[in-house]
Amino acid sequence: MSKRNQTLGEFIIENQTSFKYSSGELSKLINSIRLAAKVVNHEVNKAGLVDIIGAAGDTNIQGEDQQKLDVYANEKFIQTLTKRNIVCGIASEEEDDFITINSQDENHQNKYVVLIDPLDGSSNIDVNVSVGTIFSIYRRVTPLGTPVSIEDFLQKGSAQVAAGYVVYGTSTMLVYTTGDGVNGFTLNPAIGSYYLSHPNMQFPEDGNIYSVNEGNYLDFPVGIKKYIKYCQEDDGERPYTSRYIGSLVSDFHRNMIKGGIYMYPKSTKNPKGKLRLLYECNPMAFIAEQANGKASDGVNRIMDIEPTELHERVPFICGSKNMVEKAEEFVRNNG
Ligand code: P6P
């Protein structure tokens, strides 16, 4: 039973046995993410003060300008995860291919793989808008004692053992699930500890916030256009409001607390949508479902999609269950 204001460390120890793979390794893994998030948070919070923002002059596999903080965050999470000798492989939005982590005894006995978007929404950094880290954890499926391989990363979202995000906002929060509900921890930067501030987070079944980039409206499928118009009609029943930060973690986090729906649909410009299945949609879908919400591509449950490549993109609709189901109804009836 979680107690408000428990530290993250106390919470992990108290709930260690509830995790079906309880062997302490996952706890060490969550702890390493906790540490890396503190280090990244420090840099994000001073980004405006030092010349660390702005494009690093390089571009990642997505063809997007790589912000220096993207590079920094990627390096910090990889370093921290590698040091803990629990992970056999890491896939990152900022890395073209997955990274093989050799166990210290060099015989590949580490059980977990981590997929990560080290700094999502990084284009917001230069304008001081919140950004986030998203992570997804699986047990490897190839034999221990062998180097990790692509099959270990191309698993359905339903096989995740843990997932979470860090939101670097007005306060820094770590929100995660190991399949037994969703809990949110707020960082006290003065002492560097996270405290359980949001136990058992749940999406309200309904909400009145819709989050989508309406600049792409003309390129959306008819069903999405009709759903957006449905949100805008005001028959006195639906005083919806539009809120879109341009940072998935922030829009998702607000919608989980207040009730709402986030959509990044396919469009003529992005026929598969923009968000990546493995390290954005699957972890957020796991959290959403654990918080009584829903996540689909408009037709299929996100966590049932069989991945085929590391950086594949899918259309993403996620949030309050009744809102997602209404959007799916418009997609089903109109394409
Ligand atoms: P657009 C950030 O790049 C991101 O992956 C999400 O965090 C965000 O919701 C979306 O893309 C914003 O994309 O095309 O609306 O600027």
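Counting starts from 1 at the beginning of each chain's written sequence and moves along it residue by residue. Local features in this predicted model are restricted to residues of pLDDT 70 or higher, and side-chain atom pairs are both shown and tallied only at a pLDDT of 80 or more, whereas totals for entire chains, interfaces and linings draw on every residue. To obtain the side-chain values, all non-hydrogen atoms of the structure were included, while hydrogens and water were left out.

## Overview of the site of the ligand
Line of reasoning, step 1. Near, as used in this document, describes a residue that has one of its heavy atoms within 4 Å of the molecule or strand being considered. If you check the shell around the ligand, you find Asp120, Gly121, Asn213, Tyr244, Gly246, Ser247, Leu248, Tyr262, Tyr264, Lys274, Leu275 and Glu280 and nothing else.
Line of reasoning, step 2. Distance and chemistry together define a polar contact, namely a pair of N or O atoms within 3.5 Å, with one atom able to donate a hydrogen and the other to accept it when in protein, and with adjacent residues in sequence counting only for side-chain atoms on both sides. Here an oxygen atom of the ligand and a side-chain polar atom of Asp120 are 2.5 Å apart.
Line of reasoning, step 3. Contacts to the ligand include Tyr264, whose side-chain N or O atom sits 2.6 Å from an oxygen atom.
Line of reasoning, step 4. For every accessible area listed, the method is Shrake-Rupley and the probe measures 1.4 Å; residues are considered covered only by the protein chains on display. With the chains in place, 82% of the 400 Å² that the ligand exposes on its own is no longer accessible.
Line of reasoning, step 5. Any residue that is not Ala, Val, Leu, Ile, Met, Phe, Trp, Tyr, Cys, Pro, Asp, Glu, Lys or Arg is counted as polar, Gly included; the first ten are nonpolar and the last four charged. When the residues that make up the shell around the ligand are grouped by side-chain class, the tally is 5 nonpolar, 4 polar and 3 charged.

## A word on the nonpolar core
Line of reasoning, step 1. Buried Ala, Val, Leu, Ile, Met, Phe, Trp, Tyr and Cys residues form a nonpolar core when they are joined through side-chain atoms within 4.5 Å. When accessible area is computed with a 1.4 Å probe and restricted to protein chains, residues below 20% of their type maximum are described as buried, those above 50% as exposed, and intermediate ones as partly exposed. Counting 43 residues, the largest nonpolar core has Tyr165, Phe252, Met256, Met284, Ile302 and Phe316 as its most contacted members.
Line of reasoning, step 2. Elements are defined by DSSP. Helices are runs of H or I of four residues or more, strands are runs of E of two residues or more, and each kind is numbered from the N terminus. Sort the elements by how many residues they give to this core and helix α6 (residues 277–290) lands first, with 9 residues.
Line of reasoning, step 3. Domain start and stop positions are those given by an automatic or database domain assignment. For this core, the domains that each give at least three residues are domain 1 (8–198) and domain 2 (209–334).
Line of reasoning, step 4. Every residue pair with non-hydrogen atoms within 4.5 Å of one another is taken to be in contact. Residues in contact with Phe252, not counting those within four places in the same chain, are Tyr165, Phe203, Met284, Ile287, Ala288 and Cys318.
Line of reasoning, step 5. Of all hydrophobic cores here, the second largest spans 40 residues; its members include Phe11, Ala47, Val131 and Val161.

## Concerning unusual backbone geometry
Line of reasoning, step 1. Despite not being glycine, His108 shows a phi value in the positive range, around 55°.
Line of reasoning, step 2. On the secondary structure map, His108 appears in the loop between β4 (99–100) and β5 (112–120).

## Here's the deal with the pattern of salt bridges
As a working rule, side chains carrying opposite charge can pair if their charged atoms are close by.
Line of reasoning, step 1. A carboxyl oxygen of Asp or Glu within 4 Å of a side-chain nitrogen of Lys or Arg is what we treat as a salt bridge. For the coordinates displayed, the defined rule picks out 10 salt bridges.
Line of reasoning, step 2. Between Glu25 and Lys111 there is a salt bridge, with the nearest N and O atoms lying 2.8 Å from each other. Remark: Lys111 occurs in the loop between β4 and β5 and Glu25 occurs in helix α2 (residues 25–45); sequence separation between them is 86 residues.
Line of reasoning, step 3. When its relative accessible area of 18% is taken as the criterion, Glu25 is described as buried.
Line of reasoning, step 4. Counted as one network, the salt bridges with shared partners bring together Glu93, Arg276 and Glu280.

## Side note on the environment of Glu94
Line of reasoning, step 1. Mapped onto the elements, Glu94 comes out in the loop between β3 (87–92) and β4.
Line of reasoning, step 2. Along the sequence, Glu94 and Glu289 sit 195 residues apart, while their C-alpha atoms lie 27 Å from each other.

## So, the packing of aromatic side chains
Line of reasoning, step 1. Side-chain rings of Phe, Tyr and Trp (the six-membered ring for Trp) are treated as a pair once their centres are within 6.5 Å; stacked means planes under 30 degrees apart, edge-to-face means over 60, and tilted covers the remaining angles. Enumeration according to the criterion identifies 12 aromatic pairs in this entry.
Line of reasoning, step 2. Between the aromatic rings of Phe11 and Phe185, the centroid separation amounts to 5.0 Å while the plane-to-plane angle is 70°, which identifies the pairing as edge-to-face. Taken together, the positions of Phe11 in helix α1 (residues 8–15) and Phe185 in strand β9 (residues 182–188) put the pair 174 residues apart, joining distant regions of the chain. No difference in accessibility class separates Phe11 from Phe185, as the two residues are buried.
Line of reasoning, step 3. Judged by centre distance (5.4 Å) and plane angle (50°), the rings of Tyr230 and Phe330 are tilted. Linking Tyr230 in helix α4 (residues 222–232) with Phe330 in helix α7 (residues 321–334), this pair joins segments that are 100 residues apart in sequence. For the residue pair Tyr230 and Phe330, the accessibility class agrees, reading buried in each case.
Line of reasoning, step 4. When the NZ atom of lysine or the CZ atom of arginine is within 6 Å of a ring's centre and also within 35 degrees of its normal, the charge is said to sit over that ring. When the ring centre of Tyr217 is taken as reference, the NZ or CZ atom of Lys225 above it lies at 5.8 Å.
Line of reasoning, step 5. Between the NZ or CZ atom of Lys229 and the centre of the ring of Tyr217, over which it lies, the distance is 5.1 Å.

## A look at α4
Line of reasoning, step 1. Along α4, the residues classified as buried are Gly223, Ile224, Tyr227, Ile228, Tyr230 and Cys231. Seen end-on, α4 carries its buried residues on one side only, within an arc spanning 155°.
Line of reasoning, step 2. Of the surrounding secondary structure, the elements contacted by the buried residues of α4 are β11 (209–211), β13 (261–264), β15 (316–320) and α7. Each C-beta atom gives one direction from the helix axis, and the arc is the one those directions make.

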